[in-house]
Amino acid sequence: MKGPKQVGPFWAIAAFVHFLCVHPADAAERGNYGGTLRIAFTGPEAQAEPSLADAPADAALFQTSFQGLCRLQSADKLQPVLATEMEQTGARTWRISLVEGARIRSAGGLTARHVAQSWARLSQQGTLSPYRALLYPLRGEGRQLEGAILSSSMIELSTAFAWPDLPASLCHPALAIAVPIAGGGAVGLGPFTATSRGDVLEENLSFPLGRPYLDRLKIVFANGRRALRLLSLAQVDLVLGEAEKTNLIRSPLELYATYLAFKAERTGADFRGDFEGAVDRAQLTQFFAPTASVPMFNLLPPALMPQSATTATRASAASKRRAAPPLTLLYDQALPEQRLVAERIQVRLHDLGYRIVLKPVSRSELRKRWALGQFDLMLHAVLMPPLPAPALALAIELAGKHELLASELPRIGAEAEAAVRELKVRERALALAAQLPLIPLYAQSAVLSASPRWYLPFDGQGLPRFDDAYAVGE
Amino acid sequence: MRPLLLLLAVGTMTFPQLPTPPPPPPSAHRLALEVAERIVSQGAEAPVAILVRSSSQALSDGFATVLAAALARAQMGPSVLNNVADPIQWARANLVKSLVRLELRVENGQLIARGDLFGTWVNFWSGKAVTRPPQPAAIIRASVDADPEVAAILASSSDRNPFRLTGFASLPLRTAALAAGDLDGDGRDEVVALTDDELVVFSWDGRVLAKRNHRKQPASPTPCREPVGSVVLVPKTRQVAYFSCRLGKAEVLEFEPSQGSLKLVETADAAPIARSGESLLWTKVLPGQNTFGPEFGAKGEPAVSLGQAFWTLSYLLSSTPPVYLAVFPGGTGTLARGGPSGADRWALRELGAGSGLVDFEGRGVPALVTSSPRFHSEPEEVRVLQLTKAPTLKWTAVLPIGLILQVTGADLDGTRRQAAVLGVWMPDGSGEIQVLRSLPAE
């Protein structure tokens, strides 16, 4: 080589690559791949049943390995996940193509039959769930989806009446695809896959949206106080379900709505009035369910309709109820705040002559008792979809008034304009509030605390998206 | 290893901050007070957001500061919007009740502020419909005699801006990779853009010359989470080589200018990342990730390693000696010039993922064009650094809308003076190709 002009470009590259000086930057515009996110999870291990993993923390964790056909990026923007396309082929018909070649570990390729079976479980005895209301607009209420299967990767859904919110409803986490396996449990398809070590989830390279940024998630089950201690000691990166004020991250959407369901024939006709007079929702959210909760006065949470405070009714005479048998209040034992709220209700109503016995039960037992109508009082929480019309359907179902859906939903679905439909829903929610044996209490959002070195976005359902999370900075 | 190669660092560089705006001249001050009075008298409801535009950012900032102070004295709870993509949406999201939009200009010796004032409060009974309230709503217009200083600032500021950003082409999806080169031999570069759906060859003026649709091709079993790819052009052989992470494979195509077609020559599993003369240099792709390498080289030749996986590799072969820029995950980068020995190399940090070398002057001296180093920066920033000696910030501007994903240099005029071609990701998910041109000095 005689001079600089004869230096070939390849050699120039070869020379320059010998030098490498890396200075970590604070952040950059693209996501960074790799690393392990250590999550302390404060709840009990969720069951492999989409409709039961519905508390925000449970749903967030569950979605790491069980996804549905789509997910919401925002309330009105959906992203196909296990579906490649959701095409509206007629006024009330949608054709859904599943991702080709997607495989569920231990269950083979994903097929339309898996989708039909997963959704049918919501209406089956034993696994009956209020989330079946999301499928109510389908012909046959989504019970006989076998007929809708066009091929192994295509399914055609028709609604019995106009229901423009159907595609968005299908993105609800309770409609995730879960395939039961021999020996109990279920498997699904998500951005992470379970490993032989129960506490470690590895990245799924063939997840249809692309592998997650993280290589793996490590889950530590711990109670709230221990979880926060682990975070302060930097032994975990994130606490799911618990936060201190200093490092609280909360989703902007409070969609996990808790209601008090009652049986008027057991509680007496004055129960609603007595409750409204005795229990202050603002106090409940301030002192008893303080983590990311807002009082809920109407049938739908504040994220879906503006709230108007219920006027307190004068409590009725207590003496009449002295001789009445005690009422049992069932609540979800996996949610510590429900115990506090149940105790508060017990104390406040005691002065009015209500004798209430508290009974913590598992979520599956709670749903079974709900399905059979075997309860006096029940604290019942559901994850509302971020759209008012499907949310109202869910609230009506939760109240045990399945038959009301037939008269209410077609009138709402007939409104093609989303804004008009929303107004209609508000109007019906106000009108139905007094008829339904359901007292709205408060709504919660996903809550977590994390070290600031993690970028963690939320989806349109208000849940953290762990597959889009990655480490930033040093 | 030769010691020379180990001691070539220039050091870490952090880009300087912009200076704070100077106080506005007296006429702008008087005008701001007058405008504040009008806003209050028109029944603006607090809190008020202010958006001021003029051809001088410094004057706009100064004017907005004085106006905000005057409105604060009138208990209007003012806030100043700076570089907000959608001011009305911002106002609604931040519970601002009135928005004032003003433009400053000089006409016939008068400094004029004109614009409007309107309510941004949405009645919740409107649902998702973004209705406007009946009041406040007013046209704002005020003027004062302009100081010569203000007149000079507004008259010359557009001329003093050494760069101009213009639109080039739009795409339905955001770009995964961009490249430019003279494929048809007319002396002007063509621009080739890759998206997850197609590969498009644009002429120098933004016309579509050829397309290759790969939407129907099966997706890779290990697809990428975001559109990622690479495009390398070999002008002499009219070859367009590209790798799409969605497809998980590379294709080498031959562009036929007379027919406007792209003919498949070969496919490959590796990704084309650069060229050396007429031969393509290939690199490995990490499955499902947005990074390449770290090794690359020509087929059949020993590969060299960058030591770590990289996002982009940009190069200017017309420079003597050639200059190379590699950007690594995290926004670090290395700039190298010269041959196997005696070259100077710089370690850079705070680079954006959209970074590239552009020879604005056409003299073989590249400038570094880079986006904001922050993730999903709002607003996005484009920065131009001179690389004559140590990298120095020459110009910076805020992108009105969108995020910069790729930067490449292209000689669109046949003058050897390159323009920076930017792949911009728009908020609606679509892609836009924009061109940043250096304006010749007066």
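Residues numbered from 1 in each chain as written. Chains lettered and ligands numbered in written order. Predicted model: local features only at pLDDT ≥ 70, side-chain atom pairs only at ≥ 80, totals over all residues. Heavy atoms only, no water.

All right, on to the side chain of D411(B) then. Residue and element names in this part refer to chain B. In this fold, D411 is placed in the loop between β27 (403-410) and β28 (419-425). Buried D411, no salt bridge; nearest opposite-charge side chain is R416, N-O distance 6.6 Å. The contacts of D411, once residues within four sequence positions are left out, are G187, R188, D189, R416, R417 and Q418. (Helix = DSSP H or I, 4+ residues; strand = E, 2+ residues; numbered from the N terminus. Buried < 20%, exposed > 50% of the residue type's maximum accessible area, 1.4 Å probe, protein only. Lys, Arg positive; Asp, Glu negative; His and termini not counted. Salt bridge = Lys/Arg side-chain N within 4 Å of Asp/Glu carboxyl O. Contact = heavy atoms within 4.5 Å.)

Moving on to the pairing of strand β20 (residues 356-361) of chain A. All names here are of chain A. One ladder, built from 6 bridges, connects strand β19 (residues 327-332) with β20; its direction is parallel. The residue bridging D332 from the neighbouring strand is V361, located in β20. The β-α-β motif built from β19, the intervening helix α9 (residues 336-350) and the parallel element β20 has right-handed crossover chirality. (Pairing = 2+ DSSP bridges. Right-handed = clockwise from strand over helix to strand, strands pointing away.)

Looking now at the pattern of salt bridges. Side-chain pairs of opposite charge can arise where the charged atoms are in close proximity. All names here are of chain A. Applying the stated criterion across every chain yields a total of 40 salt bridges over all chains. Across the pair D199 and K218 runs a salt bridge whose closest N-O atoms are separated by 3.5 Å. Of the two residues, D199 is situated in the loop between β12 (192-194) and β13 (200-203) and K218 in strand β14 (residues 216-221); the sequence distance between them amounts to 19 residues. On the basis of relative accessible area, D199 is assigned to the partly exposed category, the value being 23%. Between E276 and R281 there is a salt bridge, with its nearest N and O atoms 2.9 Å apart. Taken as a pair, E276 and R281 share a single burial class, namely buried.

Before going further, it helps to spend a moment on the sheet that holds strand β26 (residues 392-398) of chain B. Residue and element names in this part refer to chain B. Pairing is antiparallel in the open sheet, where 4 strands are placed in the order β23-β24-β25-β26. In this open sheet, the two strands that pair with only one neighbour each are β23 (355-358) and β26. This sheet shows a mean twist of 20 degrees between the axes of neighbouring strands, independent of strand direction. For strand β24 (residues 367-371) and strand β25 (residues 381-386), the ladder comprises 5 bridges, and the chain directions are antiparallel. When the bridges of β25 are listed, S371 appears paired with V382. (Axes fitted to C-alpha atoms, helices over the stretch in contact; angles between N-to-C directions.)

The next thing to look at is the packing of aromatic side chains. For the structure shown, the criterion picks out 16 aromatic pairs over all chains. With 4.8 Å between their ring centres and 55 degrees between their planes, Y33(A) and Y213(A) make a pair best called tilted. Of this pair, Y33(A) sits in the loop between α1 (9-16) and β1 (36-41) while Y213(A) sits in the loop between β13 and β14, and the two are 180 residues apart along the sequence. Through successive ring pairs, a cluster of aromatic residues spans Y33(A), Y213(A), Y455(A) and Y470(A). The ring of W425(B) has R174(B) lying over it, and the distance from NZ or CZ to the ring centre is 3.6 Å. In this structure, R188(B) is placed above the aromatic ring of W204(B), and the distance from its NZ or CZ to the ring centre is 3.9 Å. (Phe/Tyr/Trp six-rings, centres within 6.5 Å; stacked < 30°, edge-to-face > 60°. Lys NZ or Arg CZ within 6 Å of the ring centre and 35° of its normal.)

Residue and element names in this part refer to chain B. Most of strand β11 (residues 229-234) sits inside the fold, with 6 of its 6 residues counted as buried. The side-chain alternation of β11 yields two buried faces, one formed by G229, V231 and L233 and the other by S230, V232 and V234. Relative to strand β12 (residues 239-244), β11 runs antiparallel, the two sharing 6 bridges. What sits directly across from G229, in β12, is S244. Hairpin connection, β11 to β12: the antiparallel pair is bridged by 4 residues, and R238 has positive phi, about 55 degrees.

All names here are of chain A. Assigned domains within chain A: domain 1 (9-248 + 446-471) and domain 2 (256-444). A separation of 29 Å is found between the C-alpha centroids of domain 1 and domain 2. With 38 residues of domain 1 at the contact, the number on the domain 2 side is 36 residues. Between domain 1 and domain 2, roughly 2,900 Å² of surface is buried when both sides are summed, and carbon and sulfur atoms account for 69% of that area. Of all residues in domain 1, P130, Y136 and W163 give up the largest surface area on contact with domain 2, accounting jointly for 20% of the area buried on that side. At the boundary of domain 1 and domain 2, one finds 5 salt bridges. Here R132 makes a salt bridge to E397, at a shortest N to O gap of 3.0 Å. (Domains from an automatic or database assignment. Buried area = accessible area lost by both parts, 1.4 Å probe.)

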